[in-house]
Amino acid sequence: MTVAAQFIEFALAQDVLRFGEFKTKAGRLSPYFFNAGLFNDGTSLLTIANAYADVLLAKRAAGFEFDVLFGPAYKGITLASATAMALAQKGFNVPYAFNRKEAKDHGEGGTLVGAPMAGKRVVIVDDVISAGTSVRESVDMIKNANATPVAVLIALDRMEKSGTADEVGTMSAVQSVEQEYGLPVFNIANLADLMTYLNATESAELMQYRDKVSLYRQKYGV
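Calculation notes
Each chain carries its own residue numbering, running from 1 in the direction its sequence is written. Thresholds applied to this predicted model are a pLDDT of at least 70 for local features of residues and 80 or more for the giving and counting of side-chain atom pairs; totals over whole chains, interfaces and linings are not thresholded and use all residues. Side-chain figures throughout are based on the complete set of non-hydrogen atoms in the structure, without hydrogens or water. Strands here mean DSSP runs of E at least two residues long; helices mean DSSP runs of H or I at least four residues long; both are numbered from the N terminus. To estimate the expected span of a helix, subtract one from its residue number and multiply by 1.5 Å. Buried, partly exposed and exposed residues are distinguished by accessible area as a fraction of the type maximum, computed with a 1.4 Å probe on protein chains only: under 20%, between the cut-offs, and over 50%, respectively. Working note: the arc is built from the helix axis to C-beta atom directions. Angles here are taken between N-to-C directions and fall from 0 to 180 degrees, while the axes themselves are lines fitted to C-alpha atoms, restricted in helices to the stretch in contact. Small angles under 35 degrees read as roughly parallel and large ones over 145 as roughly antiparallel, with 65 to 115 read as roughly perpendicular and the rest as oblique. Take the far helix as your reference; a near helix turned counterclockwise from it by less than a right angle gives a left-handed crossing, and one turned clockwise gives a right-handed crossing. Residue contacts follow a heavy-atom distance rule, with two residues in contact if any of their heavy atoms lie within 4.5 Å. Three categories are distinguished: nonpolar for Ala, Val, Leu, Ile, Met, Phe, Trp, Tyr, Cys and Pro, charged for Asp, Glu, Lys and Arg, and polar for the others, with Gly belonging to the last. At least two bridges found by DSSP between two strands is the condition for calling them paired.

Now for helix 4 (residues 133-144). Under the 1.5 Å per step criterion, the end-to-end length of helix 4 is 17 Å for twelve residues, consistent within 8% with the ideal 16 Å. Burial in helix 4 covers these residues: V135, S138, V139, M141 and I142. Take helix 4 and look down its axis: the buried residues cluster within an arc of 165°, on one side only. Once helix 4 finishes, N146 follows within two positions and takes phi at roughly 60°, a positive value.

Right under this line is the structure:
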């Protein structure tokens, strides 16, 4: 089973990935919902961290190079630190850093915490990319620290065009980030992986959502 399929299966078991009818912030009725905030215990956090680590190690084996992980506040902090631990257990020790929402005027001061990033190649670790705001803020902080952002790593790419239910954009949030910053966006799984999983499943409960997810992808997918 692929890393993506294993991740989807675990997300379903944890109720992080759900099927049904969910209204998105854009006003669209989505047949599935993903909430990485529900990876909220030791086992689930370790599982997603190992999946992030496996993606990065596969990219590294293919020639991609990076020096530091950066976790944007708040979800990204836990994800980046856990991924650093998972990478260390797999034989690749990499430092990590994160930001705080408000600058401190004592101690180490500033908004950045953790490993120094100056002169380093940095991977931004987060759960999803919605509007891309977190990525833009992270890129600015990394560049202001005299470091170079080299990629973004997320759990799930919905592969969904921007816009609303009636006004559909031409690109997804991930594509916009890639185009605007010239950064690759890596993922553990995406909508195509989800469709592959649904097409292969023998679960009667999940089979009923194949057509719904497929139609949603045709209407809003990239």
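Where helix 6 (residues 191-200) contacts helix 8 (residues 210-220), the axes come no closer than 10 Å and their chain directions differ by 155°. Judged by the angle between their axes, helix 6 and helix 8 are roughly antiparallel. In the packing of helix 6 onto helix 8, the handedness of the crossing is left-handed. Along its contact with helix 6, which presents L191, A192, M195, L198, N199 and A200, the element helix 8 presents R210, V213, S214 and R217. Along the lines of polarity and charge, the residues of the contact of helix 6 with helix 8 split into six nonpolar, two polar and two charged.

Burial along strand 3 (residues 68-71) is two-sided: the face carrying V68 and F70 and the face carrying L69 and G71 are both buried. Relative to strand 6 (residues 121-125), strand 3 is paired through three bridges, and the arrangement is parallel. Within the sheet, the bridge partner assigned to F70 lies in strand 6 and is I124.

The subject of this paragraph is unusual backbone geometry. Geometrically, the link from A73 to Y74 is a cis peptide bond, its omega value of 5° lying close to zero. Along the polypeptide, Y74 turns up in the loop between strand 3 and helix 3 (75-89). Its identity as a non-glycine residue notwithstanding, M159 has a phi of 50°, on the positive side. Tracing the backbone shows M159 in the loop between strand 7 (148-157) and strand 8 (161-163).

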